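Read off the chains here:
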Amino acid sequence: MRYDHIVIEREYGSGGTGIGRLLSEKTNIPCYGAEILEGVSAKLQIPISDIQRYEESTTNSFLYSIYAFGKMNDGSGNFLSKENHIFLEEQNLIREYAMQGPAIFVGRCAASALEDKRVLKVYIHAEPEIRKQRAVREYGIPENMADSTMAKYDRKRKNYYLVNTGKKWNDWSNYDIILDSGTLGVETCVQIIQAALGFINFL
């Protein structure tokens, strides 16, 4: 099967963003992650810090998730809060980027925006100690704050995904490829995705 787009969801500290960026360099396919936040911030004239606060405070109520997701799908725009409009703008921007050609998307529930496209869905994870080491070494997180930072961002991503898609973020059945970046390493993860896209013969 030929894929038009790649979406990457990732645990905090797993190197998923770096994998997306390196994949972009090797394939010349544009990668969008922070660019989505920046685009929505510019369009709605909302500081990125406010958008991030919304994502951190997203409710994890399953009943609310189903209700909100249903309202978004049936076009009940007046129901939506400012925060929900931010999510819809993210989804609209993802679709705009996708219309320009093949693309790599990191986070932001991109698969839900591209349900009618041929999308390779990838989930990147690693053992906690590996992620902690990367958070300290590459992200500059103080060692005594690494565990709580990891838990905070994983919780945020889990809740955001559930509220906005009605699905569990770390349910591996939602993905086509599951990669352990701690065991495989970033380069091998990129090569596996390249092979799935037909760019290289991995084996």
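Up top is the structure.
On a predicted model such as this, the values are computed, not experimentally measured, just so you know.

A. A look at the nonpolar core. With 18 residues, the main nonpolar core has Ile36, Ile94, Phe105 and Leu114 as its most contacted residues. Within the residue set of this core, elements represented by two or more residues are helix 2 (34-44), helix 5 (82-99), strand 3 (103-106) and helix 6 (110-113). No other element matches helix 5, which puts five residues into this core. Residue contacts for Ile36: discarding those within four places in its chain leaves Glu90, Leu93, Ile94, Tyr97, Phe105 and Arg108. Counting residues in hydrophobic clusters, the runner-up holds 17 residues, among them Ile6, Ile19, Ile124 and Ile193.

B. A look at the pattern of salt bridges. By the definition in use, this model includes ten salt bridges. Among the salt bridges present, the one from Arg131 reaches Glu11, with a minimum N-O distance of 3.2 Å. Highlighted residues: Arg131 in helix 7 (residues 128-137) and Glu11 in the loop between strand 1 (5-10) and helix 1 (16-27), separated in sequence by 120 residues. Here the two residues Arg131 and Glu11 agree in accessibility, since each one is buried. Overlapping salt bridges, with partners in common, bring together Arg2, Asp4 and Arg118 in one network.

C. View of the packing of helix 7 against helix 8 (residues 146-165). For the pair helix 7 and helix 8, the least separation of the axes is 10 Å and the interaxial angle reads 105°. As summarised for this structure, helix 7 and helix 8 are arranged roughly perpendicular, according to the angle between their axes. Between helix 7 and helix 8, the residues in contact are Pro128, Arg131, Lys132 and Val136 and Ala146, Asp147, Met150 and Asp154, respectively. A breakdown of the residues in the contact of helix 7 with helix 8 according to their chemical character gives four nonpolar, no polar and four charged.

Thresholds applied
Residues numbered from 1 in each chain as written. Predicted model: local features only at pLDDT ≥ 70, side-chain atom pairs only at ≥ 80, totals over all residues. Heavy atoms only, no water. Core = buried A, V, L, I, M, F, W, Y, C linked by side-chain atoms within 4.5 Å. Buried < 20%, exposed > 50% of the residue type's maximum accessible area, 1.4 Å probe, protein only. Helix = DSSP H or I, 4+ residues; strand = E, 2+ residues; numbered from the N terminus. Contact = heavy atoms within 4.5 Å. Salt bridge = Lys/Arg side-chain N within 4 Å of Asp/Glu carboxyl O. Axes fitted to C-alpha atoms, helices over the stretch in contact; angles between N-to-C directions. Parallel < 35°, antiparallel > 145°, perpendicular 65-115°, else oblique. Nonpolar A, V, L, I, M, F, W, Y, C, P; charged D, E, K, R; others polar.

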